[in-house]
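Survey of secondary and tertiary structure
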Amino acid sequence: MGLEPGKIVTGKVTGISPFGAFVSLGDGKTGLVHISEVALTYVKNVSDFLKENDEVKVKIISVDESGKISLSIKQALLEERKKNAPEKPQRVPKTERVDWSKKQESAAPMSFEEMMNKFKQTSDEKMQDLKRGMESKRGSSYRRSSGSF
């Protein structure tokens, strides 16, 4: 059994510690899944996610000269998701698409002066609404204080 980095293998949890879980890979080989590599979410306690004798898929992260094997359940899950994910993003059905060209065609082109007048008109309307809102919040004291002293 070749244990090359990047390979996904199945193993059995043989022990749980505060910093991770030990996984037997067969042939007398055991690797460590660090607590940060146990799940896709934050893991405070490894035993909340894994129990002894659980079979897990792990990705081999590294094998150093002394024979220590670093494993990751999280990366194995991400690899599986990539494999099962659709290759192309799903398209929006034609019935839900918006045809922006129709809106531009139906509106007659306006001159700069017409666009400026329309802008000024909407701006004035918004300012009137804003002033009315401010007066209603301040009440009658706003009107009295705006006079001369």
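Quick note: structure is the one above.
To keep things clear, this report deals only with the structure shown in the data block.

1. Examining the nonpolar core
Among the nonpolar cores identified, the biggest contains 19 residues, and Leu-25, Val-58 and Leu-71 are the most heavily contacted of them. Broken down by secondary-structure element, the contributors of at least two residues to this core are strand S1 (8-17), strand S2 (20-26), strand S4 (55-63) and strand S5 (69-72). Excluding residues that lie within four positions of it along the chain, Val-58 makes contacts with Lys-7, Ile-8, Val-9, Leu-25, Val-33, Leu-71, Ser-72, Ile-73 and Ala-76.

2. A few points about the pattern of salt bridges
Under the counting rule described, the total for this entry stands at two salt bridges. Measuring nitrogen to oxygen at the nearest pair gives 3.1 Å for the salt bridge that ties Lys-59 to Glu-79. Linking Lys-59 in strand S4 with Glu-79 in helix H1 (residues 73-84), this pair joins segments that are 20 residues apart in sequence. Of the residues examined, Lys-59 reaches a relative accessible area of 15% and is grouped as buried. Two residues, Arg-132 and Asp-129, come together in a salt bridge whose shortest N-O distance is 2.9 Å. On the criterion of helical spacing, the pair formed by Arg-132 and Asp-129 is a turn pair, its members being three residues apart in helix H3 (residues 112-138). Judged by its relative accessible area of 52%, Arg-132 is exposed.

3. Describing the sheet that holds strand S3 (residues 29-34)
Spatially, S1-S2-S3-S5-S4 is the arrangement adopted by the five strands of the closed barrel, whose pairing is mixed. If you compare each strand with its neighbour and ignore which way they point, the axes differ by 50° on average. By the bridge criterion, two bridges tie S3 to S5 in an arrangement that is parallel. Across the sheet, residue Val-33 finds its bridge partner in S5, namely Leu-71. Packed onto the sheet, H1 meets S1, S3, S4 and S5 and runs at close to 105° relative to S4.

4. Thoughts on the side chain of Ser-72
With respect to the helices and strands, Ser-72 occurs in strand S5. The exposure class of Ser-72 is buried, given its relative accessible area of 0%. Looking at Ser-72, its side chain comes within polar contact range of the side chain of Glu-37, at 2.5 Å. At a separation of 3.4 Å, a polar atom in the side chain of Ser-72 contacts the main-chain amide nitrogen of Lys-74.

5. Notes on the pairing of S2
Of the pairings in the sheet, the one linking S1 to S2 comprises five bridges and is antiparallel in character. Within the sheet, the bridge partner assigned to Lys-12 lies in S2 and is Ser-24. Hairpin connection of S1 to S2: two residues between the antiparallel strands. Relative to S3, S2 is paired through six bridges, and the arrangement is antiparallel. Residue pairing for S3: Ala-21 is matched across the bridge by Val-33. The antiparallel hairpin formed by S2 and S3 contains two residues in its connecting segment, where Asp-27 sits at a positive phi of about 55°.

Cut-offs and rules
Residues numbered from 1 in each chain as written. Predicted model: local features only at pLDDT ≥ 70, side-chain atom pairs only at ≥ 80, totals over all residues. Heavy atoms only, no water. Core = buried A, V, L, I, M, F, W, Y, C linked by side-chain atoms within 4.5 Å. Buried < 20%, exposed > 50% of the residue type's maximum accessible area, 1.4 Å probe, protein only. Helix = DSSP H or I, 4+ residues; strand = E, 2+ residues; numbered from the N terminus. Contact = heavy atoms within 4.5 Å. Salt bridge = Lys/Arg side-chain N within 4 Å of Asp/Glu carboxyl O. Pairing = 2+ DSSP bridges. Axes fitted to C-alpha atoms, helices over the stretch in contact; angles between N-to-C directions. Polar contact = N/O pair within 3.5 Å; in protein donor to acceptor, adjacent residues only side chain to side chain.

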